[in-house]
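Residues per chain, in single letters:
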Amino acid sequence: KQEGNRTKLVNKKYYHHTGKESFWEGFENFLYEHYSYDHRTWLVINGDGASWISACTEYFQHCVFVLDRFHIAKGLRTYLRDHPQAYRKAREALAQYNGKELTTFLRSLNLNFDQAMKGQEWERFVAWVEANQAFIRDYREVLKRERIDTAGMRPMGAAEAMMRTIAGRMKSKGYSWSE
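Now for a quick tour of the structure. One numbering rule holds for all chains: residues counted from 1, following each sequence as written. Side-chain atom pairs in this predicted model are given and counted only at pLDDT of 80 or more, local residue features only at pLDDT of at least 70, and totals for whole chains, interfaces and linings cover all residues. With hydrogens and water stripped out, all remaining heavy atoms of the structure feed into the side-chain values.

Moving on: the overall build of the protein chain. The helix and strand labels rest on DSSP assignments: H or I over at least four residues marks a helix, E over at least two residues marks a strand, and numbering proceeds from the N terminus. Counting its regular elements, the protein chain contains nine helices and four strands. Secondary structure elements of the protein chain occur, N-terminal to C-terminal, as β-β-α-β-α-α-β-α-α-α-α-α-α. The buried label goes to any residue with under 20% of its type's maximum accessible area, the exposed label to any with over 50%, and the partly exposed label to all in between, with areas taken from a 1.4 Å probe on protein chains only. Scored against the burial criterion, the 179 residues of the protein chain give a buried share of 30%. Contacts between residues were defined by any pair of non-hydrogen atoms, one from each residue, lying within 4.5 Å. Long-range pairs, those at least 24 residues apart, make up 43% of the contacts in the protein chain between residues at least 6 apart in sequence.

Listed below in structure tokens is the structure:
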């Protein structure tokens, strides 16, 4: 729902896994219960690249996994804040969902860090981007190739913001919810 220049999710539902079955099996049961879901329904899963999340594509027949750009943008800010031209070029590749170009560009940079640890963290970050470059994509393009109308579909973005809200409530403010 559009509210000014922001978009608000309507009728949000949360899945909390408590069953003995696998996470994805429990989640699929949740989809059957709350939505008009069947095995032909396309799912878009947005995540941080953890293997248990990207495994969704092995469980669901019609599933698109997308690496949440929040995590990449955060790394780019952290490591390239003192290199504004490199930061801008990397952000452009990310904005265009071009994982291969982003990886190639990051690998071409010869950055010197004051601390050896920071250099090692940079190398791990670049390796992580490279390992996940296929998932730096716009899910709408994948759906279009499947002849699905994507008019009105928005780019990813609300997922990580919601996780930040939940984490803030649970960690910072000490809130909790009863079952």
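Moving on from the model shown.
Another aspect to go through is helix H4 (residues 69–80). Taking 1.5 Å per residue, 12 residues should reach 16 Å; H4 reaches 16 Å between its end C-alpha atoms and fits that length. Within the span of H4, buried status applies to Ile 72, Ala 73, Gly 75, Leu 76, Tyr 79 and Leu 80. Looking down the long axis of H4, one finds its buried residues gathered within 160 degrees of arc, a one-sided arrangement. Along its buried surface, H4 packs onto strand E4 (63–67), helix H5 (84–95), helix H6 (99–108) and helix H7 (116–131). Polar contacts here mean pairs of N or O atoms no more than 3.5 Å apart (in protein, one a potential hydrogen donor and the other a potential acceptor; neighbouring residues in sequence count only if both atoms are side-chain atoms). The distance from a side-chain oxygen at the start of H4 to the backbone nitrogen of Phe 70 is 2.8 Å, and the residue carrying that oxygen is Asp 68. Multiply 1.5 Å by the residue count of a helix minus one, and that product is the helix's expected span. Relevant arc is that of directions from the helix axis to the C-beta atoms, nothing else.

In this section: the packing of H5 against H6. At a minimum axis distance of 8 Å, the contact between H5 and H6 shows a crossing angle of 160 degrees. It follows that H5 is roughly antiparallel to H6 by the angle criterion. When the axes of H5 and H6 are compared, the crossing they make is left-handed. Contacts between H5 and H6 pair Ala 86, Lys 89, Ala 90 and Ala 93 from the former with Glu 101, Leu 102, Phe 105 and Leu 106 from the latter. Looking at the contact of H5 with H6 residue by residue, the classes come out as six nonpolar, no polar and two charged. Lines fitted to the C-alpha atoms define the axes, with helices restricted to the stretch that makes contact. Angles between their N-to-C directions range from 0 to 180 degrees. Should an angle fall under 35 degrees it is called roughly parallel, over 145 degrees roughly antiparallel, and 65 to 115 degrees roughly perpendicular, with every other angle called oblique. A clockwise turn of the near helix away from the far one marks a right-handed crossing, whereas an anticlockwise turn of less than a right angle marks a left-handed crossing. Ten residue types, Ala, Val, Leu, Ile, Met, Phe, Trp, Tyr, Cys and Pro, are classed as nonpolar, four, Asp, Glu, Lys and Arg, as charged, and the remainder, Gly among them, as polar.

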